[in-house]
Amino acid sequence: MPTRRWKGLTIAIATAAMFGFALPATTAGSTHPGPLSRAEAFARAQALTALGRKMFFDPSLSASGKQACSSCHDPNHAFGPASAAPVEMGGPNLDRPGQRAVPSLRYLQAAPAFTEHFYDSEDEGDESVDNGPTGGLTWDGRADRGQEQAKIPLLSPFEMANKDEGAVVAALRKAAYAQEFKAAFGDDVFERPGDAFDAAAEALGTFEQSSADFYPYSSRYDAFLAGKATLSAQELRGRAVFEDEAKGNCASCHLSRPSNNGEPPQFTDYGLIAIGVPRNAAIPANADPSYVDLGLCGPLRTDFKGHAEYCGLFKTPTLRNVALRRSFFHNGYFHTLRDAVAFYASRDTDPGRWYPKSADGTINQYDDLPRAYRGNLNTDPPFNGRKPGDRPALTDAEIDDIVAFLGTLTDADQAGH
């Protein structure tokens, strides 16, 4: 599993540092190193992690000179946004709004590459069932690896807004760590802008595989699973409702039990589903009534444009550190965790609570998903055919219990934030 591989790599990197390994001559000066020994691979990863860390916190890599990766992915908020705004501002003058909520970068290390047809392995579930679109990074799964994802904000016009790869490389050439960059990738690396840009993305992606920073598995729930902590009665009730297939059924997508090989639960199945979150008028793009964010089928992802069966599908995020967030779902519509949970419980039984009314007084249910795509909406429990006026899937007390349980998923280093 990727988690285990990278954990081992991180341990080995630490060992390499302890014994004073330097980046070996056989790998220095190369953006495309050949076969590496174990020690060489660990030393290279250690060097790229240190380099990527400096880049991650460097605002000079943006067109504005004021926005670093860490500006939106705050390490004190589990590498997610510190603000409650549904989208962040970017661009050359930091006045261009984004289009989606900023996700956390923690616990992405085990995400599989995107596929339209995902099948569980024999020891994970029913290997004959097609689970549909699964995997990848970002809300629409359009990047498979961290180094691919890292390129997106560097060039996005409403994020770090560099006009092209050359602009990023020019900033790197002036950076305080330029010599370290050349030591890792070659003295002439800046003369090869394409290679230099790829190298920058590799360094950022390598840093984002640092276990201490990005997947520490240090929450109280992890300690509970290891038999080293206890949960309160309310938290235990919340876990039971979270996992109950007839109640919350949250664990059907947000897997909460260790895998068969002992890996800690990731609290996501990496799937993409449509749940019909209300349209968020606070996102400037939504001021245009013809604009609709349809996730997997566009507009930010373009390879599935016209695939109606994928419209409205967004990535299932991990719930680890979810209690730290101040906005929820891909459009940041909700601002409390309790409302986010309650939406699942009463989306269909009390739509007037969540959706606006049309001019004729009818409730404009699923107002951010065109009618043509509403067949894509998830109808598994807790939705499962409920209609307005039916009893909701969860009581208020059960919602409170689930929220209490989700609070146990906050990593130890984040607990004071």
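What you see as residue numbers is a count from 1 along each chain, following the sequence as written. The model is predicted, so local features are restricted to residues of pLDDT at least 70 and side-chain atom pairs to those at 80 or more, both for listing and for counting; the totals for chains, interfaces and linings are taken over all residues. To get the side-chain values, take all heavy atoms of the structure and skip hydrogens and water.

This part is about the overall build of the protein chain. Counting from the N terminus, the helices are the DSSP runs of H or I reaching at least four residues and the strands are the DSSP runs of E reaching at least two. Scanning the protein chain from N- to C-terminus turns up 12 helices and 4 strands. Atoms considered for the radius of gyration are the C-alpha atoms alone. The globule rule reads 2.2 Å times the number of residues to the power 0.38. Over its C-alpha atoms the protein chain spans a radius of gyration of 22 Å, differing by no more than 12% from the 22 Å that the globule rule assigns to 417 residues. Principal axes of the C-alpha set define a box for the protein chain whose edges measure 70 × 50 × 45 Å. Put simply, the protein chain has 417 residues, and 50% of those count as buried. Within the protein chain, contacts between residues at least 6 apart in sequence are counted, and of these 64% link residues at least 24 apart. Placing the 41 positive and 53 negative side-chain charges of the protein chain at their respective mean positions leaves the two points 4 Å apart. With a 1.4 Å probe rolled over the protein chains alone, any residue whose accessible area is under 20% of its type maximum counts as buried; one over 50% counts as exposed, and the rest are partly exposed. Should any heavy atoms of two residues lie within 4.5 Å, those residues are considered in contact. Counted charges follow a simple rule, with Lys and Arg positive, Asp and Glu negative, and His plus the chain ends left uncounted. By convention, the charge on Lys lies at NZ, on Arg at CZ, on Asp at CG and on Glu at CD.

Here we come to helix α7 (residues 193-207). An α-helical turn contains 3.6 residues, so a residue and the one three or four places further along point in the same direction. In a helix, the anticipated span is given by 1.5 Å times the number of residues less one. Relative to the 21 Å expected for 15 residues at 1.5 Å per residue, α7 spans 21 Å between its end C-alpha atoms, a close match to the ideal helical length. Of all 15 residues in α7, 11 are buried; the element is thus mostly enclosed. Tucked inside the fold, the buried residues of α7 contact α2 (38-56), α3 (69-72), α4 (146-155), α5 (165-174), α6 (178-185) and α8 (211-214).

Attention now goes to the state of the cysteines. For the purposes of this analysis, a disulfide is any pair of cysteine sulfur atoms at a distance within 2.5 Å. Enumeration according to the criterion identifies 1 disulfide in this entry. Cys297 shares a disulfide with Cys311; S-S distance 2.1 Å. On the sign convention where negative is left-handed, the bridge of Cys297 and Cys311, at about 115° about the S-S bond, is right-handed. Here Cys297, found in the loop between β3 (272-273) and β4 (314-315), pairs with Cys311, found in the loop between β3 and β4; they are 14 residues apart in sequence, far enough to count as distant. Across the pair, Cys311 and Cys297 agree in class, each one buried. Here Cys69 is not disulfide-linked; the sulfur of Cys72 is the nearest cysteine sulfur, at 9.0 Å. Looking at Cys69, the relative accessible area reads 12%, which means it is buried. Cys253 forms no disulfide, and the closest cysteine sulfur to it belongs to Cys250, at a distance of 9.2 Å.

Before going further, it helps to spend a moment on the nonpolar core. Definition of nonpolar core: a set of buried residues of the types Ala, Val, Leu, Ile, Met, Phe, Trp, Tyr and Cys, connected through side-chain atoms within 4.5 Å. Formed by 43 residues in total, the largest nonpolar core has its most connected members in Phe242, Phe329, Phe343, Leu394, Ile402 and Leu406. Mapped onto this core, the elements with two or more residues apiece are α10 (233-243), α11 (337-346) and α12 (396-406). If you tally residues by element for this core, the top one is α11, at 6 residues. Dropping the residues within four chain positions of it, Leu394 is found in contact with Val241, Lys247, Gly248, Val341, Ala345, Ile399 and Ile402.

Think of pLDDT as the predictor's per-residue confidence, scored from 0 to 100. With 91% of its residues at a pLDDT of 70 or more, the protein chain has an overall mean of 91. Confidence over residues 1-29 falls short of pLDDT 50; this stretch has 55 contacts with residues more than four positions distant or in other chains.

Moving on: the pattern of salt bridges. Salt bridge, as used here, is a side-chain nitrogen of Lys or Arg placed within 4 Å of a carboxyl oxygen of Asp or Glu. Inspection of every chain in the model, using the stated rule, returns 25 salt bridges. Across the salt bridge formed by Glu243 and Arg257, the nearest N and O atoms sit 2.7 Å from each other. One end of the pair, Glu243, is in helix α10; the other, Arg257, is in the loop between α10 and β3, with 14 residues separating them in the sequence. Taken together, the shared-partner salt bridges connect Arg100, Asp140, Arg142 and Asp293 into one network.

Attention now goes to unusual backbone geometry. That bond from Gly298 to Pro299 is cis: its omega, 10°, falls within 30 degrees of zero. Secondary-structure assignment places Pro299 in the loop between β3 and β4. Look at the link from Pro381 to Pro382: it is a cis peptide, with omega at 15°. A positive phi is found at Leu94, a non-glycine position, where the angle reads about 55°. In this structure, Asn249 takes a positive phi of about 55° despite not being glycine.

On to empty space enclosed by the protein, then. Any space left empty among the atoms is revealed by the rolling of a water-sized probe across them. Cavities and pockets were defined on a 1 Å grid built over protein atoms only: a cavity is a set of grid points that admits a 1.4 Å probe from which the probe cannot escape, a pocket is an open set flanked by protein on both sides within 12 Å along at least five of seven lines, and lining residues are those with an atom within 4 Å of any such point. Grid points are joined across faces, edges and corners, and a volume is the space filled by probe spheres set on the points. Per the stated rule, a full pass over the model turns up 1 cavity of 30 Å³ or more. Its volume calculated, the largest cavity comes out at about 40 Å³. Forming the boundary of the largest cavity are Gln99, Ile283, Asn286, Tyr291, Asp293, His330, Asn331 and Asp368.

Stacked, tilted and edge-to-face pairs are distinguished by plane angle, under 30 degrees for stacked and over 60 for edge-to-face with tilted covering the rest, among Phe, Tyr and Trp rings (Trp via its six-membered ring) whose centres lie within 6.5 Å. Applying the stated criterion to the full structure yields 29 aromatic pairs. With a centroid separation of 5.1 Å and an interplanar angle of 85°, the aromatic rings of Phe207 and Phe214 are classed as edge-to-face. Of the two residues examined, Phe207 and Phe214, each falls in the buried class. Pairing Phe304 with Tyr310 gives two aromatic rings, centres 5.2 Å apart and planes at 80°, and the pair type is edge-to-face. What makes Tyr310 buried here is its relative accessible area of 7%. Charge-over-ring placement is defined geometrically: NZ (Lys) or CZ (Arg) within 6 Å of the ring centre, and within 35 degrees of the ring normal. Cation over ring: Arg320 sits above Tyr107, and NZ or CZ is 4.9 Å from the ring centre. Above the plane of the ring of Phe383 lies Arg347, whose end atom (NZ or CZ) is 3.6 Å from the centre.

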